[in-house]
Amino acid sequence: MELGISSAHVKLPDYPVLAALPALRKALTEQRCAVLSAPPGSGKTTVVPLALLEEPWLKGRRILMLEPRRIAARTSARRMAHLCGEAVGKRVGYQIRFERHVSAETRVEVITEGLLTRRLQADPELPGVGLVIFDEFHERSLDADLALALTLDAREHLNPDLRVLVMSATLDTQRISALLDGAPVVEAGGKMFAVTQKYLGQKQDQRLEQSVSQAVQQAMAEQAGDVLVFLPGAREIRNAARELHRIAQFDAAIRPLYGDLSSAEQDLALMPDARGRRKVILATNIAQTSLTVEGVTAVVDAGLSRFAEFDLGAGANRLETRKVSRASADQRAGRAGRLAPGVAYRLWSQDQQGALPEHDIAEILLADLSRLALEVFAWGEGEPSRLKWLDAPAESNWNYACTLLRDLGAVDAQGRITAHGRDLCRLPTAPRSAHLLIRAQQRGLSQEGAWLVAALEQRAADDCTDLAEHVQHVRQQGGPAAGQFLRALGETTRAKSKSGPLASEHLAELLAEAYPERLAYRREGLREQDNRRRSVHREVAFQCADGGEARLSEHDALARETWLAIAHWQPGAQRRLRLAAAISETQIRELLAHRIRHHREVAWDAQNELVVAQAQERIGSIVMSAKPITGAGPAVMSAMIDGIRRMGLGCLPWTEGARQWQSRVLCLRQWLSTSDWPDVSDKSLTDGLEIWLEPYLSGCLRRSHLAKLDLSGILNAMLEYPQQQALAKQAPTHLTVPSGQRHALKYAAGAPPVLEVKLQEMFGSSQTPAVCD
């Protein structure tokens, strides 16, 4: 099919999506929005934008197409430019983080999803843009959901002529159609070759890299093309690469492919090998969609993917490795059938296939929402419900994000974005990191801040916990991130010049300002911890300002420090400290004086079993100093009551007589079926400690003081005098038998009383002994 575009003809490949173009044009012309459902191999990514360029409603304006990943944006733009017979940056260009190839001639611009939000915030009308295409929307990234919500709001209130097209391979198209006010759903066929599924399973005692290596060798022996391997993350990719390199007879180019690689390294995985060897591409789900890897005829799928899930308790994203959904597994398998028939080798059983979830969970339901919340506030909305979402943001994560933004000074008490919040919004990083960059600039430490944030965005080596060491390592490796942050701050001179020495002693200070709740104070003593091999090693515990605890091996150099500013920890019940820097109390007092609270603490000390009354200085949950105080009054009694509740009623000086009094009252309450008698069960007594016990606690400050209490007298005082007399008469403690002897009765709630007496002593009795008539 030939297409006239700006006086030049473009011959579009004969892809199945061409058949859907008439219906798609009609939908965009009449209703200004559409949903295109097109499977992998249909050509939607490269054909649709070019095919729509000369539509009358576009009026010479630009098409923006969003891709979920940098590599997809670059490759799709290059493919379209090739079809136009031009270099990238002419009629087809792209912009991703740290790269921009566009010009005044550009009509189709491919961008990553976060960049559209930046443009909408700068000018919500999107001048010069006639169509926004959301490609591969089924991946449901946080940036894509936010960008679509803002685009639909701008279209409704500012630019009704803006067209919106959502394209997906596996999404529930009817839900998207409803979100777009009933937009037409256009179906397109696919061009997929047959893909045979082989379920290999995985031995329980076999490491993942060993299973992958065996499957790759089988694929190389059975298939003629390249092999694409799906693994959950960079660590597994490195392990698999080492395992494959150990195979002497393995003659193939091993190419990693994941998000943290540079553009040149990613492109190397896509290009034919310079020596003509077959390739084994070890990839994360970066290669799952929007990307045709030439030469691949076999896919090896580990069946795992890594997701960021926000841990409210830790205040951080926790990377979770989970089984992929059936939709993702099918997409991965489809990579083997893009150019010819292929085979997908799955490292799970066919029975396990049926147990996989149907779809992956949208990121907006799991992840940290601080950046999304900041963008929503910058848009002028204080409530996410006023925008259109396919899935509304998770309420607990949203509330946490709002609290954080108020704490950073980005949002005021009325829910309006502040000037500082707008400064955070213009920086290409998370709100905390943006706050760190701005504070660093204010202190004349822009380079330190830029390299620190660049280092925080990269995972440190497993054996590195020292922040300064990690920052230095990242700096030696280079990379554009620090320069990009400096340019965003307006530090163009520093960004272009060679970096001078860093004042590494300030790194901990900058970190503490951005993450004050991660300040940690070393506790005395060591904790023993069993590892998987059941051997025992010792750890140092640090009390964190957020109330939690972080642990570190006693052999780590940081374990000897008193105070730490923590950058990363492994979320969970026992936080494992991953990256931190030593900081002094003097630095904390100078930097964070506004966060230090003076507090009168009157509370029960469970460890020493006494009431503590102190004047404290605190930063978060950490007590920096404490002095005893007197005259705390009622607060002492409340703390003592709290201590009794925590220890349980057993801490009181119970006697047999006191317990029998309790049973007698409970028996009368049951036998007489009346509420005139109080409920003196342990639960009720515990609930009512303030009423019946507190008046007698004067002078009781520790557990040992409770021994002086006359508990029997205190309990009996709960009854009015007539009740005391009735208790003695109807549930007496003793009975006199015909022999003249008095014997004790034993009471138990829910059972008749027991009288232990020799039979001979009952001779002469004309009636059965009785209580309570």
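These figures come from a predicted structure and were not determined experimentally.

K.L.:
So what's going on with the sheet that holds strand β11 (residues 195-199)? Which residues, and what values?
P.N.:
Strand order in the open sheet formed by six strands is β11-β18-β15-β12-β14-β13, with parallel pairing between adjacent strands. Two strands in the sheet have a free side with no partner beyond their single neighbour: β11 and β13 (253-257). For this sheet the average axis-to-axis angle between neighbouring strands, irrespective of direction, equals 20°. The pairing of strand β12 (residues 226-230) with strand β14 (residues 279-283) spans four bridges and is classified as parallel. Pairing of F230 across the sheet is with A283, part of β14. Against the sheet, helix α8 (residues 234-245) engages β13 and β14, with an angle of about 155° to β14.

K.L.:
Explain the sheet that holds strand β27 (residues 734-736) residue by residue, including any values.
P.N.:
Strand order across the open sheet formed by three strands is β27-β28-β29, with antiparallel pairing between neighbours. If you trace the sheet from one side to the other, it starts and ends with β27 and β29 (751-755), each paired once. Across the sheet, the mean angle from the axis of one strand to that of its neighbour is 30°, orientation sign disregarded. Taken together, the three bridges between strand β28 (residues 742-748) and β29 define a ladder with antiparallel strand orientation. When the bridges of β29 are listed, A748 appears paired with A751.

K.L.:
Lay out unusual backbone geometry with the relevant residues and their values.
P.N.:
Its identity is not glycine, yet R32 carries a phi of approximately 65°, on the positive side. On the secondary structure map, R32 appears in the loop between α1 (21-30) and β3 (33-37). Look at D181: it is not a glycine, yet its phi comes out positive at around 55°. On the secondary structure map, D181 appears in the loop between α6 (173-179) and β10 (185-187). For D181, a relative accessible area of 57% corresponds to the exposed category.

K.L.:
Quick one: what's the story with the nonpolar core, residue by residue and with numbers?
P.N.:
Formed by 98 residues in total, the largest nonpolar core has its most connected members in L116, F134, F137, L467 and L519. Here this core takes nine residues from helix α5 (residues 142-157), the largest share from any one element.

K.L.:
An account of the state of the cysteines is needed here, citing residue identities and associated values.
P.N.:
Counted under the stated rule, the structure contains zero disulfides. With no disulfide of its own, C544 lies 19 Å from the sulfur of C464, the closest cysteine sulfur. Residue class for C544 comes out buried when judged on its relative accessible area of 0%.

K.L.:
Residue-level account of α5, with values.
P.N.:
Compared with the 22 Å implied by 1.5 Å per residue over 16 residues, the 23 Å span of α5 between its first and last C-alpha is a close match. Counting buried residues along α5, 13 of its 16 residues qualify, which places the element largely inside the surrounding structure.

K.L.:
Break down the pattern of salt bridges for me, citing the residues and quoting the values.
P.N.:
Enumeration over the complete set of coordinates arrives at 52 salt bridges. Among the ionic pairs, R140 bridges to D391, the shortest N-O distance being 2.9 Å. In this pair, R140 sits in the loop between β8 (129-134) and α5 while D391 sits in the loop between α12 (370-379) and α13 (395-407), placing the two residues 251 residues apart along the sequence. Like R140, the residue D391 is buried in the burial classification. One network of salt bridges, with partners in common, ties together R523, E539, E549, R551 and R576.

K.L.:
Can you explain the packing of helix α16 (residues 446-456) against helix α18 (residues 481-488)? Please cite residues and give values.
P.N.:
Packing of α16 against α18 brings their axes to within 8 Å, and their N-to-C directions diverge by 130°. Taken together, the axes of α16 and α18 lie oblique to each other. Like other packed secondary-structure pairs, α16 and α18 cross with a definite hand, here right-handed. Every residue of α18 that contacts α16 at S446, Q447, A450, W451, V453 and A454 is listed here: A481, A482, F485 and L486.

Thresholds applied
Residues numbered from 1 in each chain as written. Predicted model: local features only at pLDDT ≥ 70, side-chain atom pairs only at ≥ 80, totals over all residues. Heavy atoms only, no water. Pairing = 2+ DSSP bridges. Helix = DSSP H or I, 4+ residues; strand = E, 2+ residues; numbered from the N terminus. Axes fitted to C-alpha atoms, helices over the stretch in contact; angles between N-to-C directions. Contact = heavy atoms within 4.5 Å. Buried < 20%, exposed > 50% of the residue type's maximum accessible area, 1.4 Å probe, protein only. Core = buried A, V, L, I, M, F, W, Y, C linked by side-chain atoms within 4.5 Å. Disulfide = S-S within 2.5 Å. Expected span 1.5 Å × (residues − 1). Salt bridge = Lys/Arg side-chain N within 4 Å of Asp/Glu carboxyl O. Parallel < 35°, antiparallel > 145°, perpendicular 65-115°, else oblique. Left-handed = near helix turned anticlockwise from the far one by under 90°.

It is worth stressing that arrangement in space is one thing and function is another; only the former is reported here.
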